Amino acid sequence: MQRNTASPTAAVLGEIGLPAPVSDLAARAWDVIIVGAGHNGLACAAYLARAGKRVLVLESRQRVGGACTVETPFPGVTMSPCAYLAGLLHPLVVEELDLITRGFHWTPAVNGMFVPFLDGSSVQLWDDDDACEAEIARFAPRDVKGWKAMNAVLQRLRDKLRPPNQNDVWLGDAPSEEELARRLAGDDEARKVLFEWSMAEYVANYISDERLQSAYLGQGVIGTNASPFDKGTASIRFHHASGRLGGMPGMWGYVKGGMGMVSFFLCDAAREAGAVVATGVAVAEIVPGEGVVLEGGERIPSPVVISNADPKVTLRLLGESASEDFRSKVDGLKIEGCTVKLNVLLKELPNFTARPGTDQPHHYGQINAPLTHSEWKAGFAAARRGELPEHLWCELYFQSVHDKTVAPAGFHTMSVFAQYVPHTFREGTWDDRREEARRLALASIGRFCSNLPEAVVDAQVLGPPDIEAKVGLTGGHIFQGECLPENMWSHRLAPRTSMPGVYLCGACTHPGGSVIAVNGRNAAMAVLRDCS
């Protein structure tokens, strides 16, 4: 394991500690206090400090980054426990906060997504259009035309809503439904993807091969407590295909050192600009217009408080000071996670029986262990009943094939993102059944492999309550609330609240969840406009 010593934050894996006694911090004058040092909070701090504001960031945990951090789950191994790939990180933030100069290095996963099937067939959905078209022509020749049309509608949506300029709807205030309708005028397919279609309807509208449909279904429910047969899930596919990182539309990739490096570089930017970041300092109360009260009883005054915490936590911190409209909005939020994450150490990469080998092109992209249509329906229903399903949909990422610094020689890391699991079991608890969930996830992958679970050296399992306990996300929901159409755009929480001096900057705000960082930028710009 090698640490990036050029980054002060990365050199200590985000455990930056307390820069001064709490009494000294409380005695200083602050323009802004940010509650929570997740990547959005750190981005927000950097922008505000660069604008000359006196900024204090308070993080209750010992390490910055929130869900986007780096830890050492096994000796000599560094992994990002909850965030795995970068694709939606906004290029404007990368440019404005000098992330590349700071050491940000991103390797695009140009090999795309590999999906094996139980009948021995498989498909490699390359990110290169020509290569992928050739693969589709081999795998499902009747679907080539439909596959091209299916991708074309995503491109049109991206170009109309997220052009690579200041007209990107992710920048600034959320667009109204009228603005979105104006941009999509005359494109009924795009409108249906954004607002109406289930993921199952979306793929069935263009392709007929059931295996190829199944290969794509998981892309409509990433981190979403809904079935791919539920209305609106096609929009999740667009959300995750709308990025422009590295000038490569829709591309995802691996960050050298792990995803937590994004947060560490943002922390460097904030501190370099003059912001003070303190870890191990828990906020007990937000007092609108006045500041915060710490768990130790100390009061730190500030006219502006920005919460990077999820809205349920923010509501709890506001207590009696919460406005009725904010309380009503937050009480109605759906924020129960359905994802289990496994961070796995391997002695060799999975050997897929459909395409044998332990160092193959598919290991350099991402891999899906798919479900059939009936397994999707049964799995979602089981989790809703508080039970583990027979099989999990699993998405796999192998940081170590791109980045030799994260594991000892001869070993590999495998990050597993799997659905659906219950937040609360009908019988037993996650402490009782964590090992069962581990075996289920590995078996769900292993049915497509010849060497799992034998290749597994160790595995860390994080169910929804574990994610909540580890990074403070209520319900273990990785996006601070659902990202379905009824929860997006003008329906999502805004950075400004109706309470004096209280703002939000987390994934609960527009434009939604994932490692984006523009949520923090939007909040900073709102504060600067209001304080000008």
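Further up the page is the structure itself.
First, a word on scope: everything that follows refers to the structure included in this document. (Residues numbered from 1 in each chain as written. Predicted model: local features only at pLDDT ≥ 70, side-chain atom pairs only at ≥ 80, totals over all residues. Heavy atoms only, no water.)

**Some words on the overall build of the chain**
Here comes step 1: Tallying secondary structure elements over the chain gives 19 helices and 19 strands in all.
Here comes step 2: Taking 532 residues into account, the globule formula puts the C-alpha radius of gyration at 24 Å, and the chain, at 22 Å, falls close to it.
Here comes step 3: Seen through its C-alpha atoms, the chain measures out along the principal axes to roughly 65 × 55 × 50 Å.
Here comes step 4: Taking the intrachain contacts of the chain between residues at least 6 apart in sequence as the baseline, contacts between residues at least 24 apart amount to 72%.
Here comes step 5: Here the chain displays about 19,300 Å² of accessible surface, and carbon together with sulfur accounts for 49% of that area.
Here comes step 6: Charge centroids of the chain, computed over 50 positive and 61 negative side chains, lie 2 Å from each other. (Helix = DSSP H or I, 4+ residues; strand = E, 2+ residues; numbered from the N terminus. Rg over C-alpha atoms; globule rule 2.2 N^0.38 Å. Contact = heavy atoms within 4.5 Å. Areas by Shrake-Rupley, 256 points an atom, 1.4 Å probe, with all protein chains shown as cover. Lys, Arg positive; Asp, Glu negative; His and termini not counted. Charge placed at Lys NZ, Arg CZ, Asp CG, Glu CD.)

**Regarding helix α6 (residues 129–139)**
Here comes step 1: Where α6 is concerned, the buried positions are Cys 132, Glu 135, Ile 136 and Phe 139. In an axial view of α6, the angular spread of the buried residues amounts to 100 degrees, which keeps them on one side of the axis.
Here comes step 2: Lining the buried residues of α6 we find β7 (122–125), α7 (144–161) and α11 (210–217).
Here comes step 3: One side-chain oxygen of the residue at the start of α6 lies 3.2 Å from the amide nitrogen of Asp 130, identifying that residue as Asp 128. (Buried < 20%, exposed > 50% of the residue type's maximum accessible area, 1.4 Å probe, protein only. Arc of directions from axis to C-beta. Polar contact = N/O pair within 3.5 Å; in protein donor to acceptor, adjacent residues only side chain to side chain.)

**Quick notes on unusual backbone geometry**
Here comes step 1: Between Gln 419 and the following residue, Tyr 420, the backbone shows a cis peptide bond with an omega angle of 0 degrees.
Here comes step 2: In this structure, Tyr 420 sits in the loop between β17 (412–419) and α17 (430–446).
Here comes step 3: Phi angles above zero are rare outside glycine, and Gln 480 is one such case at about 55 degrees.
Here comes step 4: Given a relative accessible area of 7%, Gln 480 falls into the buried group.
Here comes step 5: Although it is not a glycine, Trp 489 adopts a positive phi angle of roughly 55 degrees.
Here comes step 6: Assignment of secondary structure puts Trp 489 in the loop between α18 (464–471) and β19 (502–504).

**Some remarks on α11**
Here comes step 1: Extensive coverage of α11 is indicated by the burial of 6 of its 8 residues.
Here comes step 2: Looking at α11, one finds that the buried residues are Leu 212, Gln 213, Ser 214, Ala 215, Tyr 216 and Leu 217.
Here comes step 3: The residue sitting at the N-terminus of α11 and contributing the capping side-chain oxygen is Asp 209; that oxygen lies 2.9 Å from the backbone nitrogen of Arg 211.

**Observations regarding the side chain of Asp 310**
Here comes step 1: Counting through the fold element by element, Asp 310 comes out in the loop between β13 (304–307) and α14 (311–318).
Here comes step 2: In this structure the side chain of Asp 310 is engaged in a polar contact, spanning 2.8 Å, whose partner is the backbone nitrogen of Thr 474.
Here comes step 3: Excluding residues that lie within four positions of it along the chain, Asp 310 makes contacts with Ile 335, Gly 472, Leu 473, Thr 474 and Gln 480.

**Describing the pairing of strand β9 (residues 276–279)**
Each regular strand displays side chains that alternate between the two surfaces of the sheet.
Here comes step 1: Here β9 shows a buried face lined by Val 276 and Ala 278 and a second buried face lined by Val 277 and Thr 279.
Here comes step 2: The sheet contact formed by strand β2 (residues 55–59) and β9 spans 4 bridges and is parallel. Paired with Leu 56 across the bridge in β9 is Val 276. (Pairing = 2+ DSSP bridges.)

**Description of the sheet that holds β19**
In sheet architecture, strand pairing relies on hydrogen bonds along the backbone and comes in two forms, parallel and antiparallel.
Here comes step 1: Strands sit in the order β9-β2-β1-β13-β19 across an open sheet of 5 strands; the sheet is parallel. At either end of the open sheet lies a strand with only one pairing partner, and these are β9 and β19. Across the sheet, the mean angle separating the axes of adjacent strands is 20 degrees when strand polarity is ignored. (Axes fitted to C-alpha atoms, helices over the stretch in contact; angles between N-to-C directions.)

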